[in-house]
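Survey of secondary and tertiary structure
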Amino acid sequence: MTTEIWQLSESELLAESAEVSHRIQLLEARRIALVAEIDTRVSREKLGFPGPAGWLTSTTLLSPAKATKIVALARGLKNFPDIADAVNTGVMSVDHAALILTFAETPPKDLPEEGRVMARTAMIAAATGPEARTGRIRAAITKLEDEFGGKTPPPENTDRNELFASKTLNGRLVLKGDFDAITGEKLLTALSPLTEPQPAADGTQDDRSPARRRADAFGHILDQYLASSSRPIEGGERPHLNLHISLRDLTDLRDSADTDDITDDENTRTANESDDGGHPASDRGAYGDLFGDGTTVGWLPWMGPLSRNTSRQLACDCVLTAIVMDENGSPINLARTARTVTAKQRKALIARDHTCAFPGCGKPASWTEAHHIWHWADGGPTDMNNLVLLCGFHHRLMHHSDWEVFIGTDNHPWFIPPATVDPYRQPRPSHARAGPYIA
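From a predicted model like this one, the values you see are computed outputs, not experimental measurements. (Residues numbered from 1 in each chain as written. Predicted model: local features only at pLDDT ≥ 70, side-chain atom pairs only at ≥ 80, totals over all residues. Heavy atoms only, no water.)

A word on the packing of helix H1 (residues 10-41) against helix H4 (residues 64-76)
Interhelical geometry of H1 versus H4 gives an angle of 75 degrees and a closest axis separation of 8 Å. By the angle between their directions, the pair H1 and H4 is classed as roughly perpendicular. Residues Glu28, Arg31, Ile32, Val35, Ala36 and Asp39 of H1 touch H4, and the partners they reach there are Lys66, Ile70, Val71, Leu73, Ala74 and Arg75. A per-class count over the contact of H1 with H4 returns 7 nonpolar, no polar and 5 charged. (Axes fitted to C-alpha atoms, helices over the stretch in contact; angles between N-to-C directions. Helix = DSSP H or I, 4+ residues; strand = E, 2+ residues; numbered from the N terminus. Parallel < 35°, antiparallel > 145°, perpendicular 65-115°, else oblique. Contact = heavy atoms within 4.5 Å. Nonpolar A, V, L, I, M, F, W, Y, C, P; charged D, E, K, R; others polar.)

Okay, structure coming up:
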């Protein structure tokens, strides 16, 4: 019988915590070994994804970044048994293994082979046990790169440039970058005139911190870029900010916004006529769509949910294109018979599917293609109830495997896996619709 944690003595608490941590390390190593075998033996059709990372993300609680890291370790450790042994015996953390593996796979070009082996051995020793510190390993790698990395000094080496953009659990974006001197100079030069304190007209001092002023300046630079006409084309049009929000949540704009900015009067009228017969949302159950598809709050294709107040503020500064949605959050009145999806149909598809609709994928909408469920070549129309957004891989998968997709009674895509994936072939909701629902 397992002793309750509150019943453990102080010594037992410490001992069991250390033991559990060691077991977690061993389980991490086991998972990496399993993923390595999956990567070798299991087909893409069976996985339903281009590789194990997507499958891991869709079937476990792992984030895409964590899943990708595990797959990279699974593939890389095969070539470096000394690093793998340290991980498999639980004496080295997975994070330290990833750091050393990256060095081992891309060593400084002028470092001789015997030097690479010696450096790797020293790093493994430094990363072994509770005394290991990441700083020491990074310092060793930096020293070797500086001495044996060739003639290009680190400040001028563009191969080392990196920019990470990570969504947080609370819906914010964290940036982390590492740039060469020239790129850094460009960024600081662009930020400089926009980061000076700006006192109010009455002389009140600007109380923003330097970090806040830099963040505001960065947003201003993005505004200027998105307003320019020299942007590249993506998804058939130049990148711009898209906001999805129901017409019901925008009705209070009519007194303050110029109605000429709201396009497609026909769709707007249709929405008024079909908008739940004038019944308020509370009549449908206040919590019925608590975990729904984002139709009762604003929605940004990249960042996700946005509060109604901020959505309204954003909408006041925009030219709106009305995409009329039914009670299930599916666009209506956008049927077309041409083969090519129109710009407005694509906006509507993004409003409905948000991302690649394949369960567990979620690739950004700008990276997707419109798939005809009933193929165009077989007579299928280019209508909203015959289209679904899919990334390139899942578009090909639907054409060359036994996966099926259909539009359900909720006017959203549903996917049926092949019997090799699910013997019962139970339909799965699209990526944006997956999750808990309150009846």
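Examining the sheet that holds strand E10 (residues 413-416)
Taken together, 3 strands build an open sheet; the order of strands is E9-E10-E11 and the sheet is antiparallel. The strands lining the two open edges of the sheet, one partner per strand, are strand E9 (404-407) and strand E11 (428-429). In terms of strand pairing, E10 meets E11 through 2 bridges, oriented antiparallel. Bridge assignment links phenylalanine 415 to a residue of E11, and that residue is arginine 428. (Pairing = 2+ DSSP bridges.)

Remarks on the side chain of threonine 355
Structurally, threonine 355 can be placed in the loop between helix H13 (343-353) and strand E7 (368-372). Owing to a relative accessible area of 12%, threonine 355 belongs among the buried residues under this scheme. Look past the residues within four positions of threonine 355 in its chain and what remains in contact with it is Gly362, Lys363, Ala365, Thr368, Leu389 and His431. (Buried < 20%, exposed > 50% of the residue type's maximum accessible area, 1.4 Å probe, protein only.)

A closer look at the pattern of salt bridges
All told, the structure shown has 15 salt bridges when counted by the stated rule. Two residues, aspartate 82 and arginine 120, come together in a salt bridge whose shortest N-O distance is 2.8 Å. Note that aspartate 82 is positioned in helix H5 (residues 81-88) and arginine 120 in helix H7 (residues 113-126), a separation of 38 residues in sequence. According to the relative accessible area criterion, aspartate 82 is partly exposed, its value standing at 27%. Note that arginine 116 is salt-bridged to glutamate 113, the shortest N-O span being 3.9 Å. Note that arginine 116 and glutamate 113 are positioned in helix H7 at a spacing of 3 residues, about one turn of the helix. For arginine 116, a relative accessible area of 24% corresponds to the partly exposed category. A single network of salt bridges, built from pairs that share partners, joins Asp206, Arg208, Arg212 and Asp216. (Salt bridge = Lys/Arg side-chain N within 4 Å of Asp/Glu carboxyl O.)

A few points about helix H14 (residues 392-399)
Owing to its 3.6 residues per turn, the α-helix brings residues three or four apart onto one side. Of all 8 residues making up H14, 6 are buried, and the element is well covered by its neighbours. Taken residue by residue, H14 has Gly392, Phe393, His394, His395, Leu397 and Met398 as its buried positions. Turning to H14, the residues buried within the fold contact helix H2 (44-47), E7, strand E8 (387-391), E9 and E10.

Notes on the pairing of E8
Burial analysis of E8 places 5 of its 5 residues in the buried class, the great majority of the element. Along E8, one buried face is formed by Leu387, Leu389 and Cys391 and the opposite face, lined by Val388 and Leu390, is buried too. Strand direction decides the pairing type here: E7 and E8, joined by 5 bridges, are antiparallel. Looking at the pairing, histidine 371 lines up with valine 388 of E8.

Concerning the pairing of strand E1 (residues 162-167)
Each regular strand carries side chains that alternate between the two faces of the sheet. Of the pairings in the sheet, the one linking E1 to strand E2 (residues 173-178) comprises 6 bridges and is antiparallel in character. What sits directly across from leucine 163, in E2, is glycine 177. Turn length for the E1-E2 hairpin, with the two strands adjacent in sequence and antiparallel, is 5 residues, and the turn residue glycine 171 shows positive phi of about 85 degrees.

Some details on a nonpolar patch on the surface
A contiguous nonpolar surface patch, about 600 Å² in accessible area, is contributed by Leu163, Leu173, Leu175, Phe179, Leu187, Phe218 and Leu222. If you list the elements that add at least two residues to the nonpolar patch, you get E2 and helix H10 (210-227). For phenylalanine 218, the location among the structural elements is in helix H10. Judged by its relative accessible area of 31%, phenylalanine 218 falls in the partly exposed class. (Patch = residues over 30% accessible without salt bridge, like charges linked within 9 Å, V, L, I, M, F, W, Y side chains within 5 Å. Areas by Shrake-Rupley, 256 points an atom, 1.4 Å probe, with all protein chains shown as cover.)

A word on the nonpolar core
If you look at the biggest cluster of nonpolar residues, it comprises 35 residues, and the most contacted ones within it are Leu73, Ile83, Met92, Ile100 and Met123. At the level of secondary structure, the elements contributing two or more residues to this core comprise H1, helix H3 (52-59), H4, H5, helix H6 (94-105), H7 and helix H8 (134-148). For this core, the leading source of residues is H6, giving 8 residues. With 14 residues, the next largest nonpolar core counts Cys356, Leu390, Phe393 and Val405 among its residues. (Core = buried A, V, L, I, M, F, W, Y, C linked by side-chain atoms within 4.5 Å.)

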